[in-house]
Amino acid sequence: MFGRLMPQEGKFFDLFNAHAEQIIQGGQALATFINHLGRNPEEASQAAEAVDTAESRADKITHETVALLHKTFITPLDRDEIHSLITGMDDILDLIQDVTQTVSLYDIRKGTPEAIQLAEICVSCCDRVRWAVSLLPNADQGPAILKTCEEIDRLESDADRVMRSAMSRLFRDEPDVRQLIKLKAIYELLETVTDRCEDVANILEGIVLENS
């Protein structure tokens, strides 16, 4: 049964959950940021600051997890699994921050419908990452984790389709080459957030299967 070796050191699961909470906060702030571009600059600015705050808090949790890993003799999961999971989760927030910083750097002043849709898919992926991580300590939740990981995979595929459609429309309708290049970069970054969520889903699937 999944989880039969758990949990000799429950602190790791607390850290995973704390980090996952920052991921969903960062994802929600990203969607707010994209939605309010050009419509409510103050709200967009506050959302960008919220992303930075979430990323900074998550960094500290990552460092704490790695430090604990070096100090703990008996771990609830394989050491490589713990390291891969926490660093994979951290990559999600790093990329979310990359989106908000790149939008500001490129002086993009309005969120397109496609960017808004991609940001919403990012939130859905982040929410499922948080849910799957929360199930890790429970010995009976292996099937539920795998189901949630499948949902993340489907959302990543949805993001691929939205991005392809966005690129098609961009190259067809955008006359300003500079704006085209900027928006193309933003679409790609947003889609890559879902890729990083899928990476974490793959790590979680491996953990479940390894401990079954």
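Residues numbered from 1 in each chain as written. Predicted model: local features only at pLDDT ≥ 70, side-chain atom pairs only at ≥ 80, totals over all residues. Heavy atoms only, no water.

**Q** I'm lost on the packing of helix α4 (residues 113-135) against helix α6 (residues 177-210) in this one. Help?
**A** Think of two packed helices as two axes; the pair is described by the angle between the axes and how far apart they sit. The geometry of α4 relative to α6 is characterised by a closest axis approach of 9 Å and an angle of 15° between their N-to-C directions. Here α4 lies roughly parallel to α6, going by the angle between them. Judged by the sense of rotation from one axis to the other, the crossing of α4 with α6 is left-handed. Touching Glu114, Ala115, Leu118, Ala119, Ile121, Cys122, Cys125, Cys126, Val129, Ala132 and Val133 of α4 are Tyr187, Leu190, Val193, Thr194, Cys197, Val200 and Leu204, all from α6. In terms of residue class, the contact of α4 with α6 is made up of 16 nonpolar, one polar and one charged. (Axes fitted to C-alpha atoms, helices over the stretch in contact; angles between N-to-C directions. Helix = DSSP H or I, 4+ residues; strand = E, 2+ residues; numbered from the N terminus. Parallel < 35°, antiparallel > 145°, perpendicular 65-115°, else oblique. Left-handed = near helix turned anticlockwise from the far one by under 90°. Contact = heavy atoms within 4.5 Å. Nonpolar A, V, L, I, M, F, W, Y, C, P; charged D, E, K, R; others polar.)

**Q** Can you help me understand the confidence of the model for the protein chain in this one?
**A** Low-pLDDT portions of the prediction should not be read for the details of their coordinates. The predicted model of the protein chain averages 93 in pLDDT, with 95% of residues at 70 or higher. Confidence drops under a pLDDT of 50 for residues 1-8, and excluding neighbours within four residues, the segment shows 31 contacts in the predicted structure. (pLDDT = per-residue confidence, 0-100.)

**Q** For this particular structure, what's the right way to read the side chain of Glu81?
**A** Structurally, the position occupied by Glu81 is in helix α3 (residues 79-105). Despite its burial, Glu81 remains without a salt bridge, the nearest opposite charge being carried by Arg79 at 11 Å. With near-sequence residues (within four places) excluded, Glu81 lies in contact with Ile203, Gly206, Ile207, Glu210 and Asn211. (Buried < 20%, exposed > 50% of the residue type's maximum accessible area, 1.4 Å probe, protein only. Lys, Arg positive; Asp, Glu negative; His and termini not counted. Salt bridge = Lys/Arg side-chain N within 4 Å of Asp/Glu carboxyl O.)

**Q** What's the story with unusual backbone geometry in this structure? I'm lost.
**A** Trans is the common state for peptide bonds, and a negative phi is the common state for residues other than glycine. In this structure, Asp107 takes a positive phi of about 55° despite not being glycine. Topologically, Asp107 is positioned in the loop between α3 and α4.

**Q** Quick question: what am I supposed to make of the environment of Ser104 here?
**A** Looking at where Ser104 falls in the secondary structure, it is placed in helix α3. Remark: the alpha-carbon pair of Ser104 and Val66, spanning 38 residues in sequence, is separated by 32 Å. Polar contacts involving the side chain of Ser104 include one to the main-chain carbonyl oxygen of Thr100, which spans 3.1 Å. (Polar contact = N/O pair within 3.5 Å; in protein donor to acceptor, adjacent residues only side chain to side chain.)

**Q** Is there a simple way to explain the packing of aromatic side chains in this structure?
**A** Think of a pair of aromatic rings as described by two things: how far the centres are apart, and how the planes are tilted against each other in angle. Here the structure, examined in full by the defined rule, presents one aromatic pair. Look at Phe13 and Phe16: their rings are 6.2 Å apart centre to centre, the planes differ by 75°, and that puts the pair in the edge-to-face class. Linking Phe13 with Phe16, this pair stays in helix α1 (residues 11-36), spanning three residues, or about one helical turn. With a relative accessible area of 4%, Phe13 lands in the buried category. Judged by its relative accessible area of 0%, Phe16 falls in the buried class. (Phe/Tyr/Trp six-rings, centres within 6.5 Å; stacked < 30°, edge-to-face > 60°.)

**Q** Can you help me understand the pattern of salt bridges in this one?
**A** Once their charged atoms are close, side chains differing in charge can pair, the charge on each being opposite to the other. Overall, the coordinates contain 11 salt bridges when judged by the stated rule. Arg109 is the partner of Asp107 in a salt bridge, and the nearest nitrogen-oxygen pair spans 2.8 Å. When its relative accessible area of 42% is taken as the criterion, Asp107 is described as partly exposed. Of the charged contacts in the structure, one is a salt bridge between Arg161 and Asp158, with a shortest N-O distance of 2.2 Å. Taken together, the positions of Arg161 and Asp158, both in helix α5 (residues 142-173) and three residues apart, correspond to about one turn of that helix. A relative accessible area of 46% means that Arg161 is categorised as partly exposed. In the salt-bridge network here, residues are joined through shared partners; they are Glu21, Asp127 and Arg130.

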